[in-house]
Amino acid sequence: MAELDRLRHKFGLFLVFLMWIHVPVIALVAWSIGRSMVAPTLVAVLLALAMQVSWTLRGPAPVTRYVSAVALMGQPALFVFMFSGHPWQMDMHMYFFATLALVIGWCDWRPVIVAAVTVAVHHLMLNLVFPYAVFPLGADLERVSLHAAIVAFQTVVLVWLSMRLVASFQRIEAMSAEIVLANETLEQKVADRTREANAANIAKSLFLANMSHEIRTPMNAILGFSHLALRTDLTPKQADYINKIKSASTALLALINDILDFSKIEAGMLSLEGTHFKIRETIENATTISTVKAAEKGVDIRINIDDNVPATLLGDALRLNQIILNLVSNAVKFTERGAVVLSIRTLEKVDRQLLLEVSVRDTGIGMTPEQQQMLFRSFSQADSSMTRKFGGTGLGLAISKQLVELMGGTIRVDSIAGAGSTFTFTVRLEEGDTLMLAEAADVEKLRGLRVLIADDNPASREILHTIFEGWSVQADLVASGTEAIALLENAQARGVAYDLMLIDWKMPGMDGIEAVEAMRSSETLTRLPTIMMVSAYAREEAMQNASEAGISAFLVKPIDASLLLTEITQLLGQRTGQERAAAPAAHAIPMVAPEYRGSRVLLVEDNEINSEVASEILSDGGLVVELAENGRIACDMVLRSGRSYDVVLMDVQMPEMDGIEATKRIRQAFPSDRLPIIAMTAHAYEQERQNCFQAGMNDHVAKPVDPATLMHALERWLKPRRAEGSGSTAKSVEVPAAADLPAELPPFDLATALVRVNGKTALLRKLIVSFGTNYRGFVATLRGEIDAGALDDARRLAHSLKGVSASLELRRVSEASRQLEDAIAHREMANVDELIERLDAVLQPAIAAARTLSPAEEASAAAPAASLDAAARDEAAKLLYELRQQLSKRSMRARRTFEALEARLQGTPEAGRLAEIRDPISRLDFNNALAGLDAIERHFVDTREVQN
């Protein structure tokens, strides 16, 4: 009862003050009525002193309350005694009732009783002992009794009121405690709910980030090998196929990014765009990706657009494309024969507002009512067997449903098991304007531009900024030519290039033309953006000076947005045409500029396929590449090996040590200006990009890697260098014809697999031989993991085999691995033995075929081995030395050197020793390869000494 205690404390202080105030008052009263001042004053001091001592020692404790009650009643008694014989004596009795009522301030009924008893004792004592001191006519018990009755009545009232006050305080205190407890509980509940919501969001974000990473890794291989394949000599049909693969893969990558919008939809953060588009073109684009798969299955895709549908619509074409693509691809996936029919019609039209109905009908497997109830839920399919049989995550329909609802429509399904399904959805769009399509296309060309606006007038800057913002184009603002030069220099130092600059003519200090001339004469600025001048002065002199200064265009204020757009697109078209004219033929190899060639690149990548693709691209780009399989090895190579690198390409998600931690450790020794580190990762989230930058990385390149984009990123951070011996004289090792492949090697599809490796037969041969070695005991290992209960490890084994076999075009092995992986991932172990046997049945022929290419296998069937002559032995010794140097530097060139060494020693006794390092080199296990090489070199030296 803290509040009641505070009240009693304040009241006690008041009583102490009141008791001491009585001392001078009583002395003054005694003097005024002609009485002696000494005795009354002394009594008043004693009463006040008693109250003061008790308060000092015990505070507002009960004993102090009792002392105060007695002392307080002594004050009116002293007044009554002092006024004995005075006409006012009877009036002094009124003070008894006042002081008695005052005791209620303690909010305690016991001091009230003590005060009442003190009054009674006082009256009886004066009436019996000093009767004439109170009553002029002597003792008068009747009057005393009357006073006692009045005091008793007042006491009863005061006791009742005091108890009520205490009870009220108690209730208030209890209610306050309940409120505080409720608030604390509520805060705790809110905190708990907030933590749960944050945990759920984090879990969802991690899932989407991991899903993005897992998808982007194989996408990197598809786009990378497509790029490499297009650089080889292909037949027109092959080139067409590869181009379609690359085009479809690029579209699929865009879809992957769109799928990540799922989290934005749930959070209510996804906004729809409004652009003019052609409905037939959008639908055809959406169905193109499914056309190839449908053709393989013999399924027709038909499109029916009703006449009441306008040719041009206004809305979000990308989202509509995504919905249609999901439905059509599902229809093709679940249809083995027949057709998929996409129909679209207008249900209602009010002014320019349209309600469109789109239906996708197939003749596939159909669904039961129970299966239909599972649709449109996140991460679920019609039943658990769908994932194993047909693949997919179950996200497509959930995203489609949410997108449809965002576009003001609904979606439903009508299906009969075995008789096909029809998905129907509606969306609200507007009738578009065909004339707006051209402007929309021009605006689309501006996406990704970086624009700099230099104008000293704040209003003009804001107007131009608003125009570009409406086009979704980033524009930075400065107020003078000096600031523009400083910003361009700073951007170039950070590797950021501006594509377009709008600069005012008349500005204080340095005008626009002077600023442009200063930029062109600057030794720091090596690349300038396209420059347009804007001015309120349409003077011929200014236009002439701007043209002489190399300014591309001159616009007069006020700026018309459509005119500005037209001018920019024309300038961009001219620049693109110039670049196209200066560019080499289609599919030319992207390379860094001559001054950067020979730079040393450390590639940190744990995935073998990604390493292969990136190494080929970088080597062809004029760079010297060394490899680290994870962040720990990268730190050793950068910090402790003594070798220097010009740039590090760092993956993020790796075993042992990830790229973030490795970058932080490297940054402790090498600042970003001395050793650039570029993230090359499949992580697509902006937060992941920021994590890379916060760790100390200079730049970020997303997988799948576009070769031209990668070369451009490297040029931003590499420093010009003179050609070094290692970079300029490095030669690729030619592999003799002995490394050729046979015309056919079933079950491998050699023709298709060769496309994946840029037509390099030696590389494909090596990969097939490694496959036969690495997966010879695969099934036994897999069974052992499952029997031991290590299902996650078993799933990873199946996943690894699935990826490798797909790369080598072992389609049946890849499909059997996929089914097994899905079953283990979903813990559906009932038929796992059957799936393993099915995998073993298709895997063994592949291993047997691969072993026929193994040099060890060939050697066993060959004629007796011949010894090396002196010249061949010296050549082999040089290759061994070169191989050791490359393995020590973790260079990808070690593979080529090993292939040359293997070819050189083929048919000799020494050839059998190479089997010890063939597998480690194929897996880029440089440490074990070096250990095996030591034994080979010792044997080689011993053999030479014996021959000598």
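Cut-off values and rules
- Throughout, residues of each chain are indexed from 1 in the direction in which the sequence is written.
- The predicted nature of this model means local features are confined to residues of pLDDT at least 70 and side-chain atom pairs, given and counted, to a pLDDT of 80 or more, with totals for whole chains, interfaces and linings taken over all residues.
- The side-chain figures draw on all heavy atoms in the structure; neither hydrogens nor water molecules are used.
- Counting from the N terminus, the helices are the DSSP runs of H or I reaching at least four residues and the strands are the DSSP runs of E reaching at least two.
- Partly exposed describes any residue whose relative accessible area lies between the buried limit of under 20% and the exposed limit of over 50%, with all areas from a 1.4 Å probe on protein chains only and scaled to the type maximum.
- Distance thresholds for patches are 9 Å for like charges and 5 Å for nonpolar side chains (Val, Leu, Ile, Met, Phe, Trp, Tyr), applied to residues having over 30% relative accessible area and no salt bridge.
- Using a 1.4 Å probe, accessible areas were evaluated by the Shrake-Rupley method; residue-level cover was limited to the displayed protein chains.
- Take a side-chain nitrogen of Lys or Arg and a carboxyl oxygen of Asp or Glu: if they are within 4 Å of each other, that pair is a salt bridge.
- Paired rings are identified among Phe, Tyr and Trp, the last through its six-membered ring, by centres lying within 6.5 Å, and are further divided according to the angle between planes into stacked (under 30 degrees), edge-to-face (over 60) and tilted (the rest).
- Here, a strand pair is defined by DSSP locating no fewer than two bridges between the strands.
- Fitted lines through C-alpha atoms give the axes, limited to the stretch in contact for helices. The angle between two N-to-C directions lies from 0 to 180 degrees.
- A contact between two residues is defined here by any heavy atoms of the two lying within 4.5 Å.
- Here, nonpolar core refers to any group of buried Ala, Val, Leu, Ile, Met, Phe, Trp, Tyr and Cys residues whose side-chain atoms link them within 4.5 Å.
- An angle below 35 degrees is read as roughly parallel, one above 145 as roughly antiparallel, one from 65 to 115 as roughly perpendicular, and any other as oblique.
- Throughout, a crossing is termed right-handed when the near helix is turned clockwise from the far one, and left-handed when it is turned anticlockwise from it by less than a right angle.
- Charged means Asp, Glu, Lys or Arg here, nonpolar means Ala, Val, Leu, Ile, Met, Phe, Trp, Tyr, Cys or Pro, and polar covers whatever is left, Gly included.
- pLDDT expresses how confident the predictor is about each individual residue, on a scale running from 0 to 100.
- Here a helix's expected span is defined as the number of its residues, less one, multiplied by 1.5 Å.
- In this description, the arc belongs to the directions extending from the helix axis to the C-beta atoms.

## Here's the deal with the overall build of the chain
- Helices and strands together make up the secondary structure of the chain, namely 38 helices and 17 strands.
- Within the span of the chain, comprising 948 residues, buried residues form 47% of the whole.

## Describing a nonpolar patch on the surface
- A surface patch of nonpolar side chains, about 460 Å² in accessible area, is lined by Trp 109, Ile 113, Val 117, Val 121 and Met 163.
- Examining the composition of the nonpolar patch, we find that four residues originate from one element, helix 6 (residues 109-128), more than from any other.
- Tracing the chain through its elements places Val 121 in helix 6.
- Relative accessible area serves as the criterion here: at 49%, Val 121 is assigned to the partly exposed category.

## Section: the packing of aromatic side chains
- Inspection of every chain in the model, using the stated rule, returns three aromatic pairs.
- Between Phe 11 and Phe 14 the ring centres are 6.3 Å apart and the planes differ by 35°, which places this aromatic pair in the tilted class. Here the residue Phe 11 and the residue Phe 14 both occupy positions in helix 1 (residues 2-32), the gap between them amounting to three residues, near one helical turn.
- The class for Phe 11 is buried, based on a relative accessible area of 11%.
- Between Phe 11 and Trp 106 the ring centres are 5.2 Å apart and the planes differ by 90°, which places this aromatic pair in the edge-to-face class.

## Digging into the sheet that holds strand 9 (residues 474-478)
- Across the sheet, which stays open at both edges, the five strands sit in the order 9-8-10-11-12 with parallel pairing between neighbours. Of all the strands in the sheet, just strand 9 and strand 12 (553-556) have a single pairing partner and so form its edges. Geometrically, the sheet is characterised by an average inter-axis angle of 20° between neighbouring strands, direction not taken into account.
- When strand 8 (residues 450-454) meets strand 10 (residues 500-504), the two strands line up parallel, connected through four bridges. Across the sheet, the residue bridging to Val 451 is Leu 500, located in strand 10.
- Packed onto the sheet, helix 17 (residues 458-470) meets strand 8, strand 9 and strand 10 and runs at close to 170° relative to strand 9.
- Across the sheet, helix 19 (residues 512-521) lies against strand 10 and strand 11 (530-535), angled at about 140° from strand 10, the strand it touches most.

## As for the pattern of salt bridges
- This structure, assessed with the given rule, holds 21 salt bridges.
- The partner of Glu 405 in a salt bridge is Lys 401, with the nearest N and O atoms 2.6 Å apart. Here Glu 405 pairs with Lys 401, and both are found in helix 15 (residues 396-406), just four residues apart, close to one helical turn.
- Judged by relative accessible area, which is 43%, Glu 405 ranks as partly exposed.
- Glu 661 serves as the salt-bridge partner of Arg 665, at 3.1 Å between the closest nitrogen and oxygen. With Arg 665 and Glu 661 both in helix 24 (residues 659-667) and four residues apart, the pair spans about one turn of that helix.

## Re the nonpolar core
- Membership of the largest hydrophobic core comes to 44 residues, with the highest contact counts inside it found for Leu 618, Leu 649, Leu 710, Leu 714, Leu 883, Leu 887 and Leu 901.
- Excluding residues that lie within four positions of it along the chain, Leu 649 makes contacts with Val 601, Leu 602, Leu 603, Val 604, Leu 618, Ile 678, Met 680, Leu 710 and Leu 714.

## Here we look at the side chain of Ser 400
- Position of Ser 400 among the secondary structure elements: in helix 15.
- Assessed through its relative accessible area of 0%, Ser 400 is described here as buried.
- Not counting chain neighbours up to four residues away, the residues in contact with Ser 400 comprise Ile 323 and Asn 326.

## Brief notes about the environment of Glu 899
- Secondary-structure assignment places Glu 899 in helix 36 (residues 893-905).
- For Glu 899 and Ala 762, which are 137 residues apart along the polypeptide, the C-alpha to C-alpha distance reads 7.8 Å.

## Side note on the packing of helix 35 (residues 870-888) against helix 36
- Orientation of helix 35 relative to helix 36, taken along the N-to-C sense of each, is 160°, at an axis distance of 9 Å. The angle between helix 35 and helix 36 falls in the class roughly antiparallel. The two elements helix 35 and helix 36 cross, and the hand of that crossing is left-handed. The residues of helix 36 that touch helix 35, namely those facing Ala 872, Glu 875, Ala 876, Leu 879, Leu 880, Glu 882, Leu 883, Gln 886 and Leu 887, are Arg 893, Ala 894, Thr 897, Phe 898, Ala 900, Leu 901, Arg 904 and Leu 905.
- Taken together, the residues of the contact of helix 35 with helix 36 sort by class into eleven nonpolar, two polar and four charged.

## Focus on the packing of helix 1 against helix 3 (residues 62-82)
- Packing of helix 1 against helix 3 brings their axes to within 11 Å, and their N-to-C directions diverge by 20°. Here helix 1 is positioned roughly parallel relative to helix 3, judged by the angle of their axes. For the pair helix 1 and helix 3, the crossing hand works out as left-handed. Where helix 1 approaches helix 3, its residues Arg 8, Leu 15, Leu 18, Met 19, His 22, Val 25, Ile 26, Val 29 and Ala 30 are matched on the opposing element by Arg 65, Ser 68, Ala 71, Leu 72, Gln 75, Leu 78, Phe 79 and Met 82.
- When the residues that make up the contact of helix 1 with helix 3 are grouped by side-chain class, the tally is twelve nonpolar, three polar and two charged.

## Let's talk about the pairing of strand 14 (residues 624-628)
- The buried count for strand 14 comes to five of five residues, which makes it a mostly enclosed element.
- What you see with strand 14 is no split at all: Val 624, Glu 626 and Ala 628 on one side and Val 625 and Leu 627 on the other are buried throughout.
- The pairing of strand 13 (residues 600-604) with strand 14 spans five bridges and is classified as parallel. Within the sheet, the bridge partner assigned to Val 604 lies in strand 14 and is Ala 628.

## Examining the confidence of the model for the chain
- Here the chain averages 76 in pLDDT, while 77% of its residues score no lower than 70.
- Here residues 379-394 scores under 50 on pLDDT; set against residues more than four positions off or in separate chains, the count is 44 contacts.
- Across residues 576-587 the pLDDT falls below 50, and counting only partners more than four positions away or on other chains, this stretch makes three contacts in the model.

## A short note on the sheet that holds strand 16 (residues 677-681)
- A sheet is described by the order of its strands in space; here five strands give the open sequence 14-13-15-16-17, paired in parallel fashion. Each edge of the open sheet is held by one strand with a lone partner, namely strand 14 and strand 17 (699-702). Neighbour-to-neighbour, the strand axes of this sheet turn through a mean angle of 25°, independent of strand direction.
- Along the sheet face, helix 24 touches strand 15 (647-650) and strand 16 and points at about 160° away from the line of strand 15.

## Things to note about helix 35
- Across its 19 residues, helix 35 extends 27 Å between first and last C-alpha, which sits within 8% of the 27 Å expected from 1.5 Å per residue.
- Of the positions making up helix 35, those classed as buried are Ala 872, Arg 873, Ala 876, Leu 879, Leu 880, Leu 883, Gln 886 and Leu 887. Projected down its long axis, helix 35 carries its buried residues within an arc of 140°, all on one side. The outward face of helix 35, more than 90 degrees from its buried face, is lined by the exposed residues Ala 870, Ala 871, Lys 878 and Tyr 881.
- Looking one or two residues beyond helix 35, the residue adopting positive phi is Arg 890, at roughly 55°.

## Looking at the pairing of strand 4 (residues 338-350)
- With seven bridges connecting them, strand 2 (residues 299-305) and strand 4 associate as parallel partners. By the bridge assignment, Asn 304 is partnered in strand 4 with Ser 343.
- Between the end of strand 4 and the start of strand 5 (residues 353-362), which pair antiparallel, lie two residues, with Asp 351 showing a positive phi angle near 55°.

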